[in-house]
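# Residue-level structural notes
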Amino acid sequence: TLQVEASPVCSIAYTADFVTAYDYLRTCLRTDEHSDRTLALSGLCLRLNPANYTVWHYRRRILASLQQRRASGGEGKSGDKLPPLDADTFLTNTSADANDERILSIAKDELQYISTVLSNDGKNYHAWSFRQYILRTLSSSDEWESDLAYTDALINEDIRNNSAWNHRWFVCHRGTRMPCTSDDATRECDYALSKAEMDPHNESPWIYLLGYVKEQIRSGADGSDELVRRMVQESKRLRHTAADTTCPSCDSARIELLDMVGGEEERKEAAALANQLGTVDDTIRAKFWARREGQLKAVRSS
Amino acid sequence: LEDSNNSGGGEGTDTATIDLQKAALYVSSCRNFDGGFGSVPGAESHAGQIFCCVAALSIARSLHLLDSDLLSWWLAERQCDSGGLNGRPEKQADVCYSWWILSALSILGRTDWINSEKLASFILRCQDDEDGGIADRPNDMADVFHTFFGIAGLSLLGVLDEIGEEQGKTYRLIDPVFALPVDVVAHLGLQAQVVRDDTGDIRPWLANYDV
């Protein structure tokens, strides 16, 4: 946020602290200083405005430089002389050696820092991106496991935190596009159901669950048929626990699950549900549901 | 660091300097389990990123790389009771998503998957009666950013046309791929790709595009 003109069209009312911190930041950016003090400054500026792309990017570049410097035998954090590290340094896009205590220590510090940012705003897009970057680069099984628990903690705080659900998918897949094992997929579907049970109106666990079911079917995994059918039954059970109220999130997931089973009875039931949603329970998307109903009713060629 | 925001910037005319197929594949790698797109692979689906990706794939004539139905459903689910659109599940409606989402739906031929009247009414309620600007949501401070996206949204909804008729004026239409007036797009001969809507139609001003 550079205020270059003397009299801008619309002045933003920054606090004095904010102005001071960002004045320092701009000065350091001009010389592009990479040091422990600018690392600390970037952290301060992000606490003041966690949504600033430029500062996140600067922080990443500082970390890369500090790591390079340590690798080539330069000064350590408290002026200690550290032996050279492996050529594949932490912050290049190749994976780092998670067994290296110093790399692990930096990563843990960053993850802790990101957690404090997320504790103020659990949906901060930059913070989540940065977290994924750290985890993917480090690729340590301990850290993957520990972040799985972290997503659970955040989901328990706020079931509707879609960012946490997205991160859980990322962690379960170890940051790749490879399908999960059927055991993992089953575990995650049951996890999603347990959260949907607490609040069936929340779309996140349903979308999450559908993602796993689809992935299993697409990869031709053993047990994918049983998984879909069991999820169909579970969605019916949950729907009854939300009795007397409309529940479009649950119903729309159920429609998808029934369509995946694909039998005539299932599609008929799904079409009826789509009709219910379009005409009564989710009329804002009436045209969408009418189309979906038509699709489900269409005679399938054998 | 490359991210999906940058892929949409390449002009269609100078393909010698950009590997379009690789760029399209990169965009496709940002696709998530919910059909949406984030800024980098693995990042949460977000309506703003989705516009960038859909428009980029449109420019690269690679819309086949996405699941139009699944994505359009995700976008349709962004409409809140207020009629406004949010950018991610369980976030607040914001006028700027009138652009990010409607443009994507326009390219995908599925603008009628959201309720136009309710959205238009939401946008109009975001206008400040005193100074005329449009805010992110009703009763907030107006700003230029949200004013642009509110007007762009009304244009894509066809509501700006209706307003024009009432006023005896003609307002230019905005192109959903390039976010430019359609006459400028035509004049520059810019090319892109769109998807037919459910009736098999294309909006007239998108007729020059590949389908």
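## Quick word on the overall build of chain A
On a plain count of helices and strands, chain A comes out with 13 helices and zero strands. When its helices and strands are written in sequence order, chain A yields α-α-α-α-α-α-α-α-α-α-α-α-α. Looking at chain A as a whole, 50% of its 302 residues are labelled buried. By element, 51% of the accessible surface of chain A is carried by carbon and sulfur atoms, the whole surface being about 15,100 Å².

## Some words on the packing of aromatic side chains
Following the criterion strictly, the structure yields 21 aromatic pairs over all chains and no others. Centroid distance Trp56 of chain A to Phe130 of chain A: 5.1 Å. Interplanar angle 50 degrees. Geometry classified as tilted. Taken as a pair, Trp56 of chain A in helix α3 (residues 53–71) and Phe130 of chain A in helix α5 (residues 125–138) lie far apart in primary sequence, 74 residues in all. Taking relative accessible area as the criterion, Trp56 of chain A reaches 6% and is therefore assigned buried. By the ring-pair criterion, three or more aromatic residues cluster together here, those being Trp165, Trp169, Tyr191, Tyr208 and Tyr212 of chain A together with Phe33 of chain B. The ring of Tyr113 of chain A has Arg59 of chain A sitting right over it, with the charged end atom 4.3 Å from the ring centre. Sitting over the ring of Tyr191 of chain A, Arg168 of chain A keeps its end group 3.7 Å from the ring centre.

## Some details on the interface of chain B and chain A
It is common to give the size of an interface as the accessible area that goes away when the parts come together. Contacts between the two partners involve 36 residues from chain B and, on the opposite side, 31 residues from chain A. Counting the surface lost from both chain B and chain A, the interface buries some 3,100 Å², and carbon and sulfur atoms represent 50% of this. Considering only the side of chain B, the residues that lose the most area to chain A are Phe33, Trp73 and Glu90 of chain B, jointly responsible for 27% of the buried surface there. Notably, a salt bridge pairs Arg285 of chain A with Glu77 of chain B, separated by 3.8 Å at the nearest N-O pair. The tally of links from chain B across to chain A stands at 17 residue pairs in polar contact (both at pLDDT 80 or more). Looking at side-chain class alone, the side of chain B that touches chain A contains twelve nonpolar, eleven polar and 13 charged residues.

## Focus: the nonpolar core
Within the largest apolar cluster, 136 residues are counted, with the highest numbers of intra-cluster contacts made by Leu209 of chain A together with Phe37 and Val54 of chain B. Ranked by the residues each element gives to this core, the list is headed by helix α3 (residues 47–59) of chain B, at ten residues. With residues near it in sequence (within four places) discarded, Leu209 of chain A still touches Cys189, Ala192, Leu193, Met231 and Leu257 of chain A. By size, the runner-up hydrophobic cluster in this structure holds six residues, among which are Cys80, Val95, Cys126 and Ile134 of chain B.

## Notes on the confidence of the model for chain B
The predicted structure's coordinates, where accompanied by low pLDDT, should not be read in detail. With 90% of its residues at a pLDDT of 70 or more, chain B shows a mean pLDDT of 89. Reported confidences for the modelled complex are a pTM of 0.81 and an ipTM of 0.87.

## Concerning the environment of Gly48 of chain B
Residues and elements named next belong to chain B. Along the chain, the position of Gly48 falls in helix α3. Counting along the chain gives 65 residues from Gly48 to Trp113, while the straight-line C-alpha distance between them is 18 Å. Once residues within four sequence positions are removed from consideration, Gly48 is found in contact with Tyr97 and Trp100.

## Thoughts on the packing of α3 of chain B against helix α5 (residues 97–107) of chain B
Residue and element names in this part refer to chain B. Relative to each other, α3 and α5 sit at 30 degrees, their axes nearing to 9 Å. The handedness of the crossing between α3 and α5 is left-handed. The segment α3 lies against α5, with Ala47, Gly48, Ile50, Phe51, Val54, Ala55 and Ser58 engaging Tyr97, Trp99, Trp100, Ile101, Ser103, Ala104 and Ile107.

## Comments concerning a negative patch on the surface
Residues and elements named next belong to chain B. A grouping of Glu117, Asp161, Glu162, Glu165 and Glu166 is seen on the molecular surface, where their side chains present a negatively charged patch. The element best represented in the negative patch is helix α8 (residues 159–167), accounting for four residues. Structurally, the position occupied by Glu166 is in helix α8.

Calculation notes
- Going along each chain's sequence as written, the residues are numbered from 1 onward.
- Chains carry letters from A onward and ligands carry numbers from 1 onward, assigned in written order.
- Residues qualify for local features only when their pLDDT is at least 70, as the model is predicted, and side-chain atom pairs are given and counted only at 80 or more; totals for whole chains, interfaces and linings, by contrast, use all residues.
- By convention in this description, side-chain values take in all heavy atoms of the structure and omit both hydrogens and water.
- The helix and strand labels rest on DSSP assignments: H or I over at least four residues marks a helix, E over at least two residues marks a strand, and numbering proceeds from the N terminus.
- Burial classes follow relative accessibility: with a 1.4 Å probe on protein chains only, a residue under 20% of its type's maximum area counts as buried, one over 50% as exposed, and anything between as partly exposed.
- Only the protein chains shown count as cover for residues, and all accessible areas are computed by the Shrake-Rupley method using a 1.4 Å probe.
- Pairing of aromatic side chains requires ring centres within 6.5 Å, counting the rings of Phe and Tyr and the six-membered ring of Trp. Pairs whose planes differ by under 30 degrees are stacked, by over 60 edge-to-face, and all others tilted.
- Comment: the charge-over-ring label is applied if NZ (Lys) or CZ (Arg) is within 6 Å of the ring centre and within 35 degrees of the ring normal.
- Residues are treated as being in contact if the distance between any of their heavy atoms lies within 4.5 Å.
- What gets called buried area is simply the loss in accessible area from a 1.4 Å probe that two parts show on being joined, summed for both.
- Here, a salt bridge means any side-chain nitrogen of Lys or Arg that lies within 4 Å of a carboxyl oxygen of Asp or Glu.
- Each polar contact in these results corresponds to two N or O atoms within 3.5 Å; when the atoms are within protein, one needs to be able to donate a hydrogen and the other to accept it, and residues that are neighboring in sequence are counted only if both atoms are side-chain atoms.
- Only Asp, Glu, Lys and Arg are considered charged in this grouping, and only Ala, Val, Leu, Ile, Met, Phe, Trp, Tyr, Cys and Pro are considered nonpolar; every other residue, Gly among them, is considered polar.
- Only buried Ala, Val, Leu, Ile, Met, Phe, Trp, Tyr and Cys residues count toward a nonpolar core, and they belong to the same one when joined by side-chain atoms within 4.5 Å.
- You can read pLDDT as the predictor saying how much it trusts each residue, on a scale of 0 to 100.
- Only the stretch in contact is used when a helix axis is fitted, and all axes are lines through C-alpha atoms; the angle between N-to-C directions ranges over 0 to 180 degrees.
- Two helices that cross are described as forming a left-handed crossing if the nearer one is turned anticlockwise from the farther one by less than a right angle, and a right-handed crossing if clockwise.
- Patches in this entry comprise residues that are over 30% relatively accessible and not in a salt bridge; like charges within 9 Å are linked, as are nonpolar side chains (Val, Leu, Ile, Met, Phe, Trp, Tyr) within 5 Å.
- This count recognises Lys and Arg as positive and Asp and Glu as negative, with His and chain-terminal groups excluded.
- The atom standing in for a charge is NZ when the residue is Lys, CZ when it is Arg, CG when it is Asp and CD when it is Glu.

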